[in-house]
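One letter stands for each residue in the lines below.
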Amino acid sequence: MSHGNGPATPAGSRAGAALKGRLRVPGDKSISHRSMIFGLLSIGETRVEGLLEGDDVLRTAEACKALGAHITREGPGRWRIRGVGIGGLTQPEGVLDFGNAGTGSRLMMGVAGSHPVTATFDGDASLRKRPMRRILDPLVKMGVQVVSEAEGGRVPLTLRGPRETVPITYETPAASAQIKSAILLAGLNSPGRTTVVEREATRDHTERMLRHFGASVEVAPHGQDGRSITLQGQPELRGSDIVVPGDPSSAAFPLVAALIVPGSDIVIEGVMMNPLRTGLITTLLEMGASIEALNERDEGGESVADLRVRSSRLRGVTVPAGRAPAMIDEYPILAVAASFAQGTTRMQGLHELRVKESDRLAAVAAGLDEAGVDHEIDGDDLIVHGAGGPVRGGGNPVATHLDHRIAMAFLVMGLATREPMTVDDGAMIATSFPTFIPLMRELGATIDG
Ligand code: S3P
């Protein structure tokens, strides 16, 4: 079992040449996890192309195998999954160890918890701190038994599922695609209609993939910004082909790097442009960034584009709280961009950042302190007073707290600071973007790690 106690791998970056060239970031993490899960729950074969082969997704694949799926790797990013179908899960033998993966563990609680098996979930020191009550509460309403849990509703925890779950209508207490998805996945093994109501729309990959695999899903607007999603339970999901588009949350790092390193001009190919994921691009465009979406097209049911990004003079903006779900993983790198901007950037309503792989609000603030960036936290808002040019950098190594996005954000920052930046541990980058350092080096970045 991993507890995040492996050797730390410090990494560092410093300013150098302009970034030039073309790159393709790995497949989207959210869709990659779901590819494995839908493969498991389908009858027949699912073929996936462009799967993110990061540690998080590989943990989900292992869990799906433990529950009965037959999974093979055919080549780089090419995987085949032979599923067992809804209701067909087998009793896993050992603990399901999800490492650092919040999405994998939470979605799989909905999957395993809705079947008559007993499953124990665990993970690393970061995952053991993350709240799971938000998933367990609705699952309990659906008839799932929480056999044991660590203090405060955390992993390690054990679930025992019923023969079939009770369909419910549930309004999510936080804007979270993970809560929504866990309930919908559990609703697959319900004899009736399961409805999730969200006050603010969150990423809709589960809904799209449910339809793609043959389930009936109705989506209706709810209030000003929300949605109500209803799934008809116990469909027969059929194995399907999936092409995983490039992950916008990974593309965010080279994108901001090109904006802040003077003279840069890069193209990031095949980035998913699902509007529920493009909040960072919207914000950067408002800040004056030069980002062009070229060759927009549809790939495997998602729109994708090649993004041409040129270094730009940025200015501070206010980012409304309502945009948070569409860029929830991008605030660390936005804070980096804001540090170089002219004027103040206020990022509103970031309470959900406190329960990510680390307390990201605190981790970003501590990193900005090291780099000499003027900033404040005001309630749930992060306020960055940009330097309007190069930032000092330097300082002590930034503490990453087992958080891949904190590590990548501050390595990107160091590409444009006056003094080099270091992070205490770059090992976790492998959870979501294993090729980050080599791809950045190919663009001309100086990163050691
Ligand atoms: C994800 C949902 C988001 C996001 C995570 C991936 C998903 O989490 O931060 O990286 O794939 O459903 P929340 O649902 O907790 O906001």
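Residues numbered from 1 in each chain as written. Predicted model: local features only at pLDDT ≥ 70, side-chain atom pairs only at ≥ 80, totals over all residues. Heavy atoms only, no water.

Draft legend 1. Looking closely at the sheet that holds strand β19 (residues 342-347). Strand order in the open sheet formed by 4 strands is β18-β19-β21-β20, and the pairing between neighbours is mixed. Where the open sheet ends on each side, the last strands, each with one partner, are β18 (318-319) and β20 (374-378). Sheet topology places β20 next to strand β21 (residues 381-387); 5 bridges connect them, and they run antiparallel. From the neighbouring strand, Asp-374 faces β21, where its bridge partner is His-385. Taken strand by strand, helix α9 (residues 331-340) contacts β18, β19 and β21, and its axis lies near 35° from that of β21. (Pairing = 2+ DSSP bridges. Helix = DSSP H or I, 4+ residues; strand = E, 2+ residues; numbered from the N terminus. Contact = heavy atoms within 4.5 Å. Axes fitted to C-alpha atoms, helices over the stretch in contact; angles between N-to-C directions.)

Draft legend 2. Layout of the site of the ligand. What surrounds the ligand is the set Ser-30, Arg-34, Thr-103, Ala-175, Ser-176, Ala-177, Gln-178, Arg-203, Ile-328, Asp-329 and Lys-356. At 2.7 Å, a side-chain N or O of Arg-34 approaches an oxygen atom of the ligand. Within the contact set of the ligand, an oxygen atom lies 2.7 Å away from a side-chain nitrogen or oxygen of Ser-176. Considering the ligand on its own, with 380 Å² of exposed area, one finds that the protein chains cover 96% of that surface. More than half of the atoms of the ligand fall within 2 Å of the grid points belonging to the largest cavity. Mapped onto the shell around the ligand, the elements with two or more residues apiece are α1 (29-41) and α5 (177-187). When its residues are assigned to classes, the shell around the ligand shows 3 nonpolar, 4 polar and 4 charged. Of the domains in this structure, domain 1 (11-27 + 245-448) and domain 2 (29-243) are the two that each give at least three residues to the shell around the ligand. (Near = heavy atom within 4 Å. Polar contact = N/O pair within 3.5 Å; in protein donor to acceptor, adjacent residues only side chain to side chain. Areas by Shrake-Rupley, 256 points an atom, 1.4 Å probe, with all protein chains shown as cover. 1 Å grid on protein atoms, 1.4 Å probe; cavity = no way out; pocket = protein on both sides within 12 Å on 5 of 7 lines; lining within 4 Å. Sits in = over half its atoms within 2 Å of the grid points. Nonpolar A, V, L, I, M, F, W, Y, C, P; charged D, E, K, R; others polar. Domains from an automatic or database assignment.)

Draft legend 3. Geometry of helix α8 (residues 279-286). Residues of α8 that are buried: Gly-279, Leu-280, Ile-281, Thr-283 and Leu-284. Contacts from the buried residues of α8 go to α7 (248-260), β16 (290-299), β17 (302-310), β18 and α9. (Buried < 20%, exposed > 50% of the residue type's maximum accessible area, 1.4 Å probe, protein only.)

Draft legend 4. Spotlight on empty space enclosed by the protein. Per the stated rule, a full pass over the model turns up 3 cavities of 30 Å³ or more. Here the largest cavity defines a volume of roughly 370 Å³. Those elements that place two or more of their residues in the lining of the largest cavity are α1, α3 (102-113), α5 and α11 (404-413). Among the elements that line the lining of the largest cavity, the one with the most residues is α1, at 4 residues. When grouped by side-chain class, the residues that make up the lining of the largest cavity number 6 nonpolar, 10 polar and 14 charged. In terms of domain composition, the lining of the largest cavity takes at least three residues from each of domain 1 (11-27 + 245-448) and domain 2 (29-243). (Points joined across faces, edges and corners; volume = space filled by probe spheres on them.)

Draft legend 5. Expanded view of the packing of α9 against α11. Contact geometry of α9 with α11 gives a least axis separation of 8 Å together with a crossing angle of 20°. Classed by the angle they form, the pair α9 and α11 counts as roughly parallel. Here α9 and α11 pass one another in a crossing that is right-handed. Where α9 abuts α11, its residues Pro-332, Ile-333, Val-336, Ser-339 and Phe-340 lie against Arg-405, Ile-406, Ala-409, Val-412 and Met-413. Its residues assigned to classes, the contact of α9 with α11 shows 8 nonpolar, 1 polar and 1 charged. (Parallel < 35°, antiparallel > 145°, perpendicular 65-115°, else oblique. Left-handed = near helix turned anticlockwise from the far one by under 90°.)

Draft legend 6. Molecular detail of the packing of aromatic side chains. All told, the structure shown has 4 aromatic pairs when counted by the stated rule. Both rings, one in Phe-253 and one in Phe-436, keep their centres 6.3 Å apart while their planes meet at 80°; by these two values the pair is edge-to-face. Linking Phe-253 in helix α7 with Phe-436 in helix α12 (residues 436-442), this pair joins segments that are 183 residues apart in sequence. Across the pair, Phe-436 and Phe-253 agree in class, each one buried. (Phe/Tyr/Trp six-rings, centres within 6.5 Å; stacked < 30°, edge-to-face > 60°.)

Draft legend 7. Main features of the pairing of strand β5 (residues 78-82). Along β5, the buried face is formed by Trp-79 and Ile-81; none of Arg-78, Arg-80 and Arg-82, which line the opposite face, is buried. Two strands pair when backbone bridges link them, and strand β3 (residues 45-49) and β5 are joined in this way by 4 bridges, in the antiparallel orientation. In the strand pairing of β5, Val-48 is matched with Trp-79. Strand direction decides the pairing type here: strand β4 (residues 70-75) and β5, joined by 5 bridges, are antiparallel. If you follow Arg-73 over to β5, its bridge partner there is Trp-79. Counted along the chain from β4 to the antiparallel partner β5, the turn is 2 residues long, and its residue Gly-77 has a positive phi close to 75°.

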